[in-house]
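Survey of secondary and tertiary structure
The chain contents come next:
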Amino acid sequence: MTRASTTKRTRAPARILEGNALRLERDLILLFAAVRDHPAKLLKSGAPSKTFFTRLREMFKDVSADAEIDGYILFLLGISRAAGLLHERDEHLHPNTLAIDVFFAEAPSARLDKLRQAWLDAGEFNEFVLVPSLEFAAKRDSATLDICDVVPGAARMRDIRRSVLAHVEKLEAGRWMRSDDFSDEISRAQPGLLIPNTGAGRFAAQKFYTGVRVKGDKHELPREGNWPLVEGALIGMLLRSPLLLLGYVDIGVDDEGEGFAFRLRGADTALADDTESKQPFALQANFEVLAFVPEMTPATLWAITRYCSVVSFADVATLKIEERHIAHAINEGGSFTGIVAFLESRSKTGLPQNVRYSIENWAQKAERVAIYLDACLFEAEGNEDLSKLVREPYRKRAALAPLAERHLVGSSNATPDPREGIAPRYPVLDYSRALAPVLRASDDGLLSCQSEQANFRIVQVLARIAKQESLERWRITRETFGEAVRKGLPPERAIELLRSIVAHELPAALLLKLQGWAGRLEPVILRRTALLEFQQAEAVELLRASAASRNLPMRVLNATTVEVEADELDKVRAVLADLAIPVVEDSHS
Amino acid sequence: MKVHKHVGVIEAADRQTLEEALAIAAAQHEVLCFLAPNVAVLERETARKVAGALTGAGMHPKVVE
């Protein structure tokens with residue numbers, strides 16, 4: 001370890017705060033349990049909602065004694081997200097249980113390295129806005145990070161962390177140094193730490209820390225002479241918070257409380273102790289677990305917390321086994337026997353029978369319904385054998401599971417492109433978009449499409465309004481249409497659904513039929529009439545001209561044909577006789 | 001063979017459990033297709049609705065994202 005030439009030394013402080021990786025990991029476990037039990041709604045800025053934050057503040061008030069609670073919670077959230085231990089889903093934050101399992105299975109040094117790297121990479125956490133002596137003018141109402149030009153964005157903050165860490169690591173391990181002296185050193189070595197000095201650039205010409213004020217002051221700070229108040233405060237925040245919590249430095253505080261000093265720790269002094277007693281918790285018949293936290297490794301604490309809600313969290317933590325957590329563990333690949341074996345082997349008091357029975361019951365219930373929210377489904381047709389059609393390496397890689405005899409199912413998110421596993425001739429239907437209407441319809445109600453093109457949306461509509469005749473043919477009839485209407489499908493909606501799955505316009509004749517079945521056609525009036533077929537057009541003119549015919553209900557269809565009401569035939573006969581026009585009765589009528 | 005991508009699927013231990021699950025979410029009429037008496041295919045939004053309804057009802061289905 002090389003020592004910087006300008007390093008100043010100071011005497012050992014009265015009180016020393018040491019980073020404690022074990023405690024940090026325990027707090028992370030408490031955070032994971034809190035996020036699991038109350039998934040955090042994320043705002044547009046990416047920050048958790050105020051409700052969630054208030055809840056966390058309550059949970060951590062006893063845990064975080066020597067760090068500002070808000071800053072500490074944001075730090076924990078920031079490194080957890082950057083390390084992939086928490087992830088975002090449906091605008092909420094959730095624990096990534098499998099990633100957490102893997103994390104705690106690693107050695108303490110690997111875990112600490114991962115957390116340190118996560119801090120360096122964190123984009124959701126900004127130490128500058130947490131500096132307690134400063135306040136910032138918001139550009140918009142309730143803006144948090146996007147507040148002024150001086151506040152570094154995620155990328156700039158990453159650079160600042162790396163710069164300050166590089167300066168810290170140049171120091172001699174174990175030597176105390178005042179933070180003010182350290183800040184002075186950086187101001188000389190890297191004056192553009194917060195506001196980059198880029199020659200003629202905008203920032204170089206900036207005379208003020210725009211939007212930054214000392215708490216309680218109304219005026220923006222000029223840059224000249226105020227490094228200690230701004231950059232110095234940020235460096236102090238980095239030392240007191242992430243660098244201390246992640247075990248890079250120890251912090252020393254004098255009795256006077258003026259300023260503080262720090263020292264670089266040795267490389268192996270910040271690791272969590274991964275030894276524990278064989279039976280570090282007691283399990284009671286009321287499902288409560290008394291966990292002796294100092295006797296547990298983080299891995300064991302996480303393992304028991306997976307099955308429990310947190311009642312209280314101190315050196316003796318009180319946890320409670322609950323159905324939802326057992327079900328969640330089962331649904332993520334755990335087993336009843338595995339859970340029981342863990343509890344029996346690690347509990348000082350064994351596993352009470354009633355607890356065992358309940359866990360067995362919960363495990364069975366959890367296995368009764370599986371829901372794929374975004375599935376990729378391979379469907380065999382006819383005599384096809386999916387084990388031959390879907391290549392085996394692909395089946396394993398995509399973790400496809402058999403379903404309903406003739407199907408394989410996997411998660412669309414986890415499944416590689418299906419084209420990689422099957423021959424190109426087989427169709428892949430993507431339900432995240434509108435599927436092409438592929439059904440053909442004929443005048444007589446026959447509906448058909450090739451079976452490989454029949455998607456579930458088409459099948460759903462056809463199942464409601466038509467009868468299947470073969471693999472590729474359905475028929476819509478007055479009866480099937482009427483049945484759909486009787487089951488609550490409005491006729492107009494039935495026609496609309498059919499239109500949505502037909503490749504072209506519905507045939508006019510079929511559409512008329514459907515409209516008729518839907519009751520849309522006007523009624524036909526059925527009348528009894530008789531036809532008078534004249535041999536001479538003059539006779540028709542004679543009839544029309546006669547005064548007696550004016551009261552007859554008759555209609556001249558053409559020059560020699562007249563239609564009359566059948567009930568009025570006697571009157572017609574009388575008029576014709578009066579006009580001397582002979583009548584011959586049609587023998588067929 | 002064909003592949004259906006981005007659909008929701010519910011598999012229950014038996015027909016009755018599936019019917020109950022759909023009824024709790026009032027999604028009986030939103031099933032696209034029954035692959036078996038205990039397996040239903042739905043739109044993704046409907047599957048999410050069923051998962052939410054079951055969780056809200058104190059049941060704990062296995063939910064695969």
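Notes on the structure in this doc start here. Every value quoted in this text rests on a predicted model; they were computed, and no experiment measured them.

**Focus on the sheet that holds strand E23 (residues 473-475) of chain A**
Residues and elements named next belong to chain A. An order of E20-E21-E23-E22 is seen for the four strands of this open sheet, with the pairing classed as antiparallel. The open sheet has two free edges, formed respectively by strand E20 (440-441) and strand E22 (467-470), since each of these has just one partner strand. The pairing of E20 with strand E21 (residues 446-448) spans two bridges and is classified as antiparallel. Across the sheet, Arg 440 pairs through a bridge with Ser 448, a residue of E21.

**Notes on the pairing of strand E16 (residues 369-379) of chain A**
With respect to burial, E16 of chain A is a largely interior element, 11 of its 11 residues being buried. With nine bridges joining them, E16 of chain A and strand E1 (residues 2-12) of chain B adopt antiparallel strand pairing. Counterpart to Val 369 of chain A in the pairing with E1 of chain B is Ala 12 of chain B. As paired elements, E16 of chain A and strand E18 (residues 407-411) of chain A share five bridges and run antiparallel to each other. Residue pairing in the sheet places Glu 379 of chain A in a bridge with His 407 of chain A of E18 of chain A.

**Focus: the interface of chain A and chain B**
Counting from both sides, the interface comprises 48 residues of chain A and, opposite them, 38 residues of chain B. Carbon and sulfur atoms make up 59% of the surface buried where chain A meets chain B, a total of about 4,300 Å² over both sides. Inspection of the chain A/chain B interface yields four salt bridges. Note that Arg 368 of chain A and Asp 14 of chain B form a salt bridge whose closest N and O atoms lie 3.0 Å from each other.

**Side note on helix H1 (residues 21-37) of chain A**
All names here are of chain A. Over its 17 residues, H1 extends 24 Å from the first C-alpha to the last, a length consistent with the 24 Å expected when each residue adds 1.5 Å. The buried count for H1 comes to 16 of 17 residues, which makes it a mostly enclosed element. Two to three positions downstream of the cap, the backbone nitrogen of Leu 22 sits 3.0 Å from a side-chain oxygen, assigning the N-cap of H1 to Asn 20.

**Quick notes on the packing of aromatic side chains**
Residue and element names in this part refer to chain A. Scanning the model with the defined rule gives 12 aromatic pairs over all chains in all. Pairing Tyr 307 with Phe 342 gives two aromatic rings, centres 6.1 Å apart and planes at 70°, and the pair type is edge-to-face. Of this pair, Tyr 307 sits in the loop between helix H9 (298-306) and strand E14 (308-312) while Phe 342 sits in helix H11 (residues 336-346), and the two are 35 residues apart along the sequence. Each member of the pair, Tyr 307 as well as Phe 342, carries the same accessibility label: buried. Ring centres 6.1 Å apart and planes at 65° place the aromatic pair Phe 378 and Tyr 394 in the edge-to-face group. Placement of Phe 378 in strand E16 and of Tyr 394 in helix H14 (residues 392-397) is noted, with a sequence separation of 16 residues between them. For Phe 378, a relative accessible area of 0% puts it in the buried group. Look at Tyr 394 and you get buried, because its relative accessible area is 2%. In this structure an aromatic cluster arises from ring pairing among Phe 32, Phe 103, Phe 104 and Trp 302. Geometry around Tyr 248 places Arg 116 over its ring, the cationic atom sitting 4.0 Å from the centre.

The rules we used
- As a convention, each chain's residues are numbered from 1 in the sequence order in which they are written.
- Lettering of chains starts at A and numbering of ligands starts at 1, both following the order in which they are written.
- Reporting in this predicted model follows two pLDDT cut-offs: at least 70 for local features of residues, and 80 or more for side-chain atom pairs to be given and counted; totals over whole chains, interfaces and linings ignore these cut-offs and use all residues.
- By convention in this description, side-chain values take in all heavy atoms of the structure and omit both hydrogens and water.
- For two strands to be treated as a pair, DSSP must find no fewer than two bridges joining them.
- The helix count covers DSSP runs of H or I at least four residues long, the strand count covers runs of E at least two residues long, and both are numbered beginning at the N terminus.
- Only protein chains enter the area calculation, which uses a 1.4 Å probe; residues under 20% of their type maximum are buried, those over 50% are exposed, and those in between are partly exposed.
- Contacts between residues were defined by any pair of non-hydrogen atoms, one from each residue, lying within 4.5 Å.
- A 1.4 Å probe defines the accessible area here, and the buried area is the portion of it lost by two parts on being joined, summed over both.
- The working definition used for a salt bridge is a side-chain nitrogen of Lys or Arg within 4 Å of a carboxyl oxygen of Asp or Glu.
- Working rule for helices: expected span equals 1.5 Å times residues minus one.
- Any N or O atom pair separated by 3.5 Å or less is treated as a polar contact, with the protein-specific requirement of one donor-capable and one acceptor-capable atom, and with residues adjacent in sequence counted only for side-chain atom pairs.
- Only the six-membered ring of Trp is used, alongside the rings of Phe and Tyr, when aromatic pairs are assigned; centres must lie within 6.5 Å, and planes under 30 degrees apart are stacked while those over 60 apart are edge-to-face, with the rest tilted.
- Only when the NZ atom of a Lys or the CZ atom of an Arg is both within 6 Å of the ring centre and within 35 degrees of the ring normal do we say a charge sits over the ring.

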